[in-house]
Amino acid sequence: MTNDEIRSATAADVPAVKAVTDAAYTRYIERIGRVPLPMEADHTANVSAGRVFVTGDPVIGLVVLETYADHLYVDNIAVTPDAQGQGVGRRLLHFVDARARALGLPEVRLYTNALMWENQKIYPKYGYEVVERRVEGPYDRVHYRKRLA
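What counts and what doesn't
Residues numbered from 1 in each chain as written. Predicted model: local features only at pLDDT ≥ 70, side-chain atom pairs only at ≥ 80, totals over all residues. Heavy atoms only, no water. Phe/Tyr/Trp six-rings, centres within 6.5 Å; stacked < 30°, edge-to-face > 60°. Helix = DSSP H or I, 4+ residues; strand = E, 2+ residues; numbered from the N terminus. Lys NZ or Arg CZ within 6 Å of the ring centre and 35° of its normal. Contact = heavy atoms within 4.5 Å. Salt bridge = Lys/Arg side-chain N within 4 Å of Asp/Glu carboxyl O. Buried < 20%, exposed > 50% of the residue type's maximum accessible area, 1.4 Å probe, protein only. Pairing = 2+ DSSP bridges. Axes fitted to C-alpha atoms, helices over the stretch in contact; angles between N-to-C directions.

This part is about the packing of aromatic side chains. Evaluation of the coordinates by the stated rule reveals five aromatic pairs. Here the aromatic rings of Phe-53 and Phe-95 are separated by 5.0 Å at their centres, their planes lie at 50 degrees, and the arrangement is tilted. Highlighted residues: Phe-53 in strand β2 (residues 52-55) and Phe-95 in helix α5 (residues 88-102), separated in sequence by 42 residues. Arg-31 extends its terminal NZ or CZ atom over the ring of Trp-117, reaching a point 3.6 Å from the ring centre. In this structure, Arg-34 is placed above the aromatic ring of Tyr-139, and the distance from its NZ or CZ to the ring centre is 5.4 Å.

The following block contains the structure:
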């Protein structure tokens, strides 16, 4: 596998999936006042269900996807801090679009915590539009969608 390839994660990748997720989200704990949900995910179950795709050797980025009848949902996208700004996230987002199209789905959806303002600058650059901002329990979330042509 080249560093640019994106592949389905395997059971052997679970420790790397946890490590990349933790590395990407740890900086937000203090800002949002709690552990971000991706850090608490059942990575083993997600990998077993075929929802996790990774890139890099060693793994430096990942995306967790859920397929619905009318959209592809990005549950988590994470890139290690030392690999950020090198196009890894861009490749993962392009992969998400290609996967949604291959599945015949008309749109991609995701959300981010309102206090993760870095993400709110990134998603519109890739065609995502804000659908709504909604408080769900302790989480203030900005919901996005991208309609695929």
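Right, let's talk about the side chain of Asn-76 for a bit. Following the sequence through the fold, Asn-76 ends up in strand β4 (residues 72-79). For Asn-76, the contacting residues outside a window of four places in its chain are Thr-21, Tyr-25, Pro-38, Leu-62, Val-63 and Val-64.

Locating Gly-104 in the fold gives a position in the loop between α5 and β5 (107-113). Sequence separation between Gly-104 and Leu-72 is 32 residues, and the spatial gap between their C-alpha atoms is 9.7 Å.

Attention shifts here to the pattern of salt bridges. Applying the stated criterion to the full structure yields 13 salt bridges. Between Arg-31 and Glu-118 there is a salt bridge whose closest N-O contact spans 2.8 Å. A residue pair is termed long-range when its members are at least 10 positions apart, and Arg-31 in helix α2 (residues 28-32) and Glu-118 in helix α6 (residues 117-122) qualify at 87 residues. According to the relative accessible area criterion, Arg-31 is partly exposed, its value standing at 27%. We classify Glu-118 as partly exposed; its relative accessible area is 22%. Linking Arg-133 and Asp-140 is a salt bridge whose minimum nitrogen-to-oxygen distance equals 2.5 Å. Judged by relative accessible area, Arg-133 falls into the exposed class, the value being 56%. With a relative accessible area of 23%, Asp-140 lands in the partly exposed category. Linked through salt bridges whose partners overlap, the residues forming this network are Asp-70, Glu-107, Arg-109 and Arg-147.

Strand order in the open sheet made by the seven strands is β1-β2-β3-β4-β5-β7-β6, with mixed pairing throughout. Because the sheet does not close on itself, it has two edges, and the strands there are β1 (6-8) and β6 (129-136). Strand after strand, the sheet turns through a mean of 30 degrees between neighbouring axes, direction not considered. Relative to β5, β4 is paired through two bridges, and the arrangement is parallel.

Between Asp-57 and Pro-58 the backbone carries a cis peptide bond, its omega angle lying at 10 degrees. Among the structural elements, Pro-58 can be located in the loop between β2 and β3 (61-67).

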